[in-house]
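# Structural description and commentary
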Amino acid sequence: GQQVMQIPQYQHVQEGEDFTTYCNSSTTLSNIQWYKQRPGGHPVFLIQLVKSGEVKKQKRLTFQFGEAKKNSSLHITATQTTDVGTYFCAGPSTNAGKSTFGDGTTLTVKP
Amino acid sequence: EAGVAQSPRYKIIEKRQSVAFWCNPISGHATLYWYQQILGQGPKLLIQFQNNGVVDDSQLPKDRFSAERLKGVDSTLKIQPAKLEDSAVYLCASSLRRTQFYNSPLHFGNGTRLTVT
């Protein structure tokens with residue numbers, strides 16, 4: 001079945017440093033979604049990418065969808081303590097409707 | 001709009017006992033999902049409903065887990081009998097629509113943290 005891998009599993013940064021997490025799928029994705037889960041909370045939708053090579057920005061967050069639609073990345077510029085949490089990617093493959101979540105990247109930020 | 005409601009928030013049971021979780025999705029959301037999230041992992045889909053019909057239950061351990069969505073609104077997930085490895089957070093989510101290759105954004109409830117001793 002479809003597998004979605006995220007790296008790194010953990011990332012610890014100093015406040016103000018940049019952060020990037022990568023998402024790789026074993027199958028071609030029809031679209032990809034990113035979620036953020038704060039400690040003790042539930043996943044909250046951030047953004048959805050649909051087109052090959054698409055780039056979207058939300059303030060300090062930049063999301064990219066790969067040309068082959070098998071990988072994606074999330075980049076945070078100048079991290080803040082409010083960015084702490086686990087970032088998940090999820091997406092349905094083009095040959096099956098079910099979305100599969102990666103295991104996430106947990107970001108901690110030292111003030 | 002009101003979010004996805006789940007109850008209870010916490011549940012502690014002994015192995016071999018039964019437990020049930022309840023979910024009320026966002027009004028108007030046709031698709032409802034139950035996910036299992038084990039500590040340190042991403043949510044794993046257990047079952048997906050479109051209105052009151054099951055779309056995908058391929059990862060639901062049917063010998064012990066069951067779920068229903070009567071009248072296409074509320075849903076319950078039951079485990080009977082529970083095992084130690086069922087300790088996890090059970091998340092309910094809903095979305096506006098779903099097609100074969102497109103899922104609307106998922107709106108998650110706060111989840112139920114289940115501990116099986």
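Within any chain, residue numbers begin from 1 and follow the written order of that chain's sequence. Going through the entries in the order they are written, you letter the chains from A and number the ligands from 1. In view of the model being predicted, local features appear only for residues whose pLDDT reaches at least 70, and side-chain atom pairs are presented and counted only at 80 or more, with totals across whole chains, interfaces and linings using the full set of residues. No hydrogens and no water enter the side-chain calculation; it runs on all heavy atoms of the structure.

With that out of the way, let us pick up the overall build of chain A. Along its length, chain A carries 0 helices and 11 strands. In chain A, the order of α-helices and β-strands from amino to carboxyl end is β-β-β-β-β-β-β-β-β-β-β. With respect to the principal axes defined by its C-alpha atoms, chain A has extents near 45 × 25 × 20 Å. In this scheme, a residue with accessible area under 20% of its type's maximum is buried, one over 50% is exposed, and one in between is partly exposed, where area comes from a 1.4 Å probe on protein chains only. In chain A, which comprises 111 residues, the share counted as buried stands at 48%. Restricting the contact set of chain A to residue pairs at least 6 apart, pairs at least 24 apart contribute 54%. Each accessible area value is a Shrake-Rupley result obtained with a 1.4 Å probe; residue values ignore everything except the protein chains displayed when judging cover. When the accessible area of chain A is evaluated, it comes to approximately 5200 Å², of which 51% is carbon and sulfur surface. Side-chain charges in chain A split into 11 positive and 7 negative, and the spacing between the mean points of these groups amounts to 7 Å. Strands are runs of DSSP state E lasting at least 2 residues, helices are runs of H or I lasting at least 4, and numbering of each runs from the N terminus. Any two residues having at least one pair of non-hydrogen atoms within 4.5 Å are treated as being in contact. Positive charges come from Lys and Arg alone, negative charges from Asp and Glu alone, with His and the N- and C-terminal ends not counted. A charge is said to be at NZ when it belongs to Lys, at CZ for Arg, at CG for Asp and at CD for Glu.

On to the overall build of chain B, then. Across its full length, chain B carries 0 helices and 11 strands. Secondary structure elements of chain B, listed N to C terminal, follow the sequence β-β-β-β-β-β-β-β-β-β-β. Using C-alpha atoms as the atom set, the radius of gyration is obtained and then compared with a globule rule of 2.2 Å times the number of residues to the power 0.38. For a compact globule of 117 residues, the expected C-alpha radius of gyration is about 13 Å, and chain B comes in at 13 Å, within 12% of that figure. Dimensions of chain B along its principal axes, counting C-alpha atoms only, are 40 × 30 × 30 Å. Each of the 117 residues in chain B was classed as buried or not, and the buried ones make up 46%. Sequence-distant contacts in chain B: of pairs separated by 6 or more residues, those separated by 24 or more amount to 54%. Accessible surface, chain B: about 5800 Å² in total, of which carbon and sulfur atoms supply 50%.

Before going further, it helps to examine the pattern of salt bridges. Residues and elements named next belong to chain A. A pairing counts as a salt bridge when a side-chain nitrogen of Lys or Arg comes within 4 Å of a carboxyl oxygen of Asp or Glu. Enumeration over the complete set of coordinates arrives at 4 salt bridges over all chains. Here lysine 56 makes a salt bridge to glutamate 54, at a shortest N to O gap of 3.8 Å. Exposure remark for lysine 56: the relative accessible area of 32% places this residue in the partly exposed category. Exposure remark for glutamate 54: the relative accessible area of 16% places this residue in the buried category. A salt bridge links aspartate 83 to arginine 60, with the shortest nitrogen-to-oxygen separation between them at 2.9 Å. Of this pair, aspartate 83 sits in the loop between strand S8 (71-76) and strand S9 (85-92) while arginine 60 sits in the loop between strand S6 (55-58) and strand S7 (61-65); the two residues are 23 residues apart in sequence, bridging distant segments of the chain.

On to the sheet that holds strand S7 (residues 65-68) of chain B, then. All names here are of chain B. Only strands that DSSP links by at least two bridges are regarded as paired with each other. If you trace the 4 strands from one edge of the open sheet to the other, you get S1-S3-S8-S7, paired in antiparallel fashion. This sheet does not close on itself; its edge strands, each paired only once, are strand S1 (5-7) and S7. Across the sheet, the mean angle from the axis of one strand to that of its neighbour is 15°, orientation sign disregarded. Of the strand pairs in this sheet, S1 and strand S3 (residues 19-24) are connected by 3 bridges, and their pairing is antiparallel. Bridge pairing in S3 places alanine 5 opposite asparagine 24. Axes here refer to lines fitted to C-alpha atoms; in helices the fit is confined to the stretch in contact. Angles between the N-to-C directions go from 0 to 180 degrees.

Criterion for a disulfide: a pair of cysteine sulfur atoms within 2.5 Å. Tallying each qualifying case throughout the model produces 2 disulfides over all chains. Cysteine 23 of chain A shares a disulfide with cysteine 89 of chain A; S-S distance 2.0 Å. Its torsion about the S-S bond being 80°, the disulfide of cysteine 23 of chain A and cysteine 89 of chain A is classed as right-handed. Separated by 66 residues along the polypeptide, cysteine 23 of chain A in strand S3 (residues 19-25) and cysteine 89 of chain A in strand S9 bring together distant segments of the chain. Residue cysteine 23 of chain A is classed as buried on the basis of its relative accessible area, which comes to 1%. Paired through a disulfide, cysteine 23 of chain B and cysteine 92 of chain B show a sulfur-sulfur distance of 1.9 Å. Here the disulfide of cysteine 23 of chain B and cysteine 92 of chain B is left-handed, its torsion about the S-S bond being about -65°. With cysteine 23 of chain B in strand S3 and cysteine 92 of chain B in strand S9 (residues 88-95), this pair connects stretches of sequence that are 69 residues apart.

The subject of this paragraph is the packing of aromatic side chains. Stacked, tilted and edge-to-face are the three classes applied to pairs of Phe, Tyr and Trp rings, where Trp contributes its six-membered ring and a pair requires centres within 6.5 Å; stacked means planes under 30 degrees apart, edge-to-face means over 60, and tilted covers the rest. Scanning the entire structure with this criterion turns up 12 aromatic pairs over all chains. Taken together, a centroid distance of 5.5 Å and an interplanar angle of 80° make the contact between phenylalanine 101 of chain A and tyrosine 35 of chain B edge-to-face. Residue phenylalanine 101 of chain A is located in strand S10 (residues 99-101), and its partner tyrosine 35 of chain B is located in strand S4 (residues 31-37); the two belong to separate chains. On the basis of relative accessible area, phenylalanine 101 of chain A is assigned to the buried category, the value being 7%. Note on tyrosine 35 of chain B: relative accessible area 2%, which makes it buried. Judged by centre distance (5.7 Å) and plane angle (50°), the rings of tyrosine 35 of chain B and phenylalanine 108 of chain B are tilted. Here the residue tyrosine 35 of chain B occupies a position in strand S4, and phenylalanine 108 of chain B occupies one in strand S10 (residues 107-108), the gap between them amounting to 73 residues. The rings of Tyr35, Phe45, Phe88 and Phe101 of chain A together with Tyr33, Tyr35 and Phe108 of chain B are connected pair by pair, giving a single aromatic cluster.

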